[in-house]
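Notes for the structure review
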Amino acid sequence: MLSKLTTFMDEKLSTPMAKLAEQRHLRAIRDGIIATLPLIIVSSMFMVIAFLPNSMPKDWGITQFLLANQGKILLPYRVSMYIMTLYAVFGIGYSLAASYELDPLSGGILSELAFLLTIIPVTVPAAGEAIAGLAAEAPELETYLASLPSGFLLPMGNLGSGGMFIGILASFFAVEVYRFTQKSGFKISMPPQVPASVARSFEALTPTAVVLIVVAAITMFIGIDVHTIVSKIVSPLVSATDTLPSVLVIIFLEVFFWSFGIHGVSIVGSLARPLWLVLLEGNTSAYVAGERVINTAAEPFYQWFVRIGGCGATIGLAILFAFFAKSAYGKALGKTSIVPAVFNINEPMIFGAPIVMNPMLIIPFIITPLVTGTIAWVVTQLGWVNHVVASAPWTLPGPIGAFLACGSDWRAAVLNIVLIALSVVIYYPFFKMYDNSLKAEEQEEA
């Protein structure tokens, strides 16, 4: 039975899904967005620090210092995570061009050009005579008018998660134009004696002209607001991702693939991560602006309330092997897997127990994260724990990561601990059966 299921999984599901995850355009999205994760994680910590006063006594000196400098502390966030699409676009174009064996640097630059051409600069109108007259009589108004920026301004919102899907499409368009000009020979070729860097610049002239003329014609001359159009198309998909059924499907797919030795998070994340980032950046922007945070299922939600100790919430199983195993193998496995599990690394458990292809442990491996995810969803929806607003480093111990990810909410740390205890309870009967079977095998061999 198990052999037939394994064959079916490999031939009908796992292999096609693995190939889909490695499709060059999806891989480019994954590479480009993953390249922004260091920016997102580090800038999230600046945001956490800026809002620490929300959970600190108001009369402390450090609290007063943070409040007085909150705007400055948030500046690194505003030029990193707040405009993350600007960085992701370059990574997507770079990766896609490299997959076609084109010059990746040119691919990244062309992608940035195509994306920025979709964002139409605006101008701040000059103050009229009536306002200027009022300002002459009101020094505060005059000072305010003098502080307003002048010239062309870029709307920042579209440089962040709001422009993510346009950024992806712009990258694809730019690189495909670049590829077409290279394959068709519709380019300016230089003699072999010309340095390679100079030759690449001239070869990029034709695709640059095509990209610039086509995109500018659509967005700036014809006046089509591509961001609004794509936003309306994608909004239902983003909303659907932030529902409990969607969360449960994602959790199930992650652990289901891992049950057969396939990196489920990698496969599912390749498809879901752009949506997760839109949800997270929406929460972050609302949090910084002092508005209500509404999105639940951003990726840190999975990291700190579902993948505790690694995919499948296996920290519970690691604790059981480390402190309650009777078999010699179980004790050795517990000693080697408990420390990595604390830092959310569970490959020693997945392949050491093993969980892969092990019916006795696959059942709780699937059930546990579904239960913890459901509880975390309900608790968050009820407002007992803050929504996730930051992306803490995934190797932090669970309670610390949950505390930081939820904007310094101590209740998130408590929830994480409760879910760890629950994972121990769910894994226990299956662990006991498996440990007894290991002990019986050792006694037979002795």
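Residues numbered from 1 in each chain as written. Predicted model: local features only at pLDDT ≥ 70, side-chain atom pairs only at ≥ 80, totals over all residues. Heavy atoms only, no water.

Next up on the list: unusual backbone geometry. Geometrically, the link from Ala 353 to Pro 354 is a cis peptide bond, its omega value of -10° lying close to zero. Relative to the helices and strands, Pro 354 resides in the loop between helix 18 (347–352) and helix 19 (359–381). Within the chain, Ala 313 stands out as a residue other than glycine whose phi angle is a positive 50°. Secondary-structure assignment places Ala 313 in the loop between helix 15 (299–305) and helix 16 (315–324). A relative accessible area of 1% means that Ala 313 is categorised as buried. Its identity as a non-glycine residue notwithstanding, Asn 344 has a phi of 65°, on the positive side. (Helix = DSSP H or I, 4+ residues; strand = E, 2+ residues; numbered from the N terminus. Buried < 20%, exposed > 50% of the residue type's maximum accessible area, 1.4 Å probe, protein only.)

Looking now at the packing of aromatic side chains. Within this structure, the stated rule accounts for twelve aromatic pairs. Consider the rings of Tyr 77 and Tyr 82, whose centres lie 6.0 Å apart with planes at 55°: the pair is tilted. Overall, Tyr 77 belongs to the buried group, its relative accessible area being 0%. Pairwise contacts between aromatic rings join Trp 276, Phe 301, Tyr 302, Phe 305 and Trp 377 into one cluster. Taking NZ or CZ as reference, Arg 78 lies 5.9 Å from the ring centre of Tyr 82, over its face. (Phe/Tyr/Trp six-rings, centres within 6.5 Å; stacked < 30°, edge-to-face > 60°. Lys NZ or Arg CZ within 6 Å of the ring centre and 35° of its normal.)

Take the pattern of salt bridges next. Going through the model one piece at a time under the given rule, you end up with six salt bridges. Residue Asp 31 pairs with Arg 30 through a salt bridge whose shortest N-O separation is 3.6 Å. Overall, the relative accessible area of 31% leaves Asp 31 in the partly exposed class. One salt bridge in this structure joins Glu 254 and Arg 307, with 2.8 Å as the shortest N-O distance. In this pair, Glu 254 sits in helix 13 (residues 244–258) while Arg 307 sits in the loop between helix 15 and helix 16, placing the two residues 53 residues apart along the sequence. Assigned by exposure class, Glu 254 and Arg 307 land together as buried. (Salt bridge = Lys/Arg side-chain N within 4 Å of Asp/Glu carboxyl O.)

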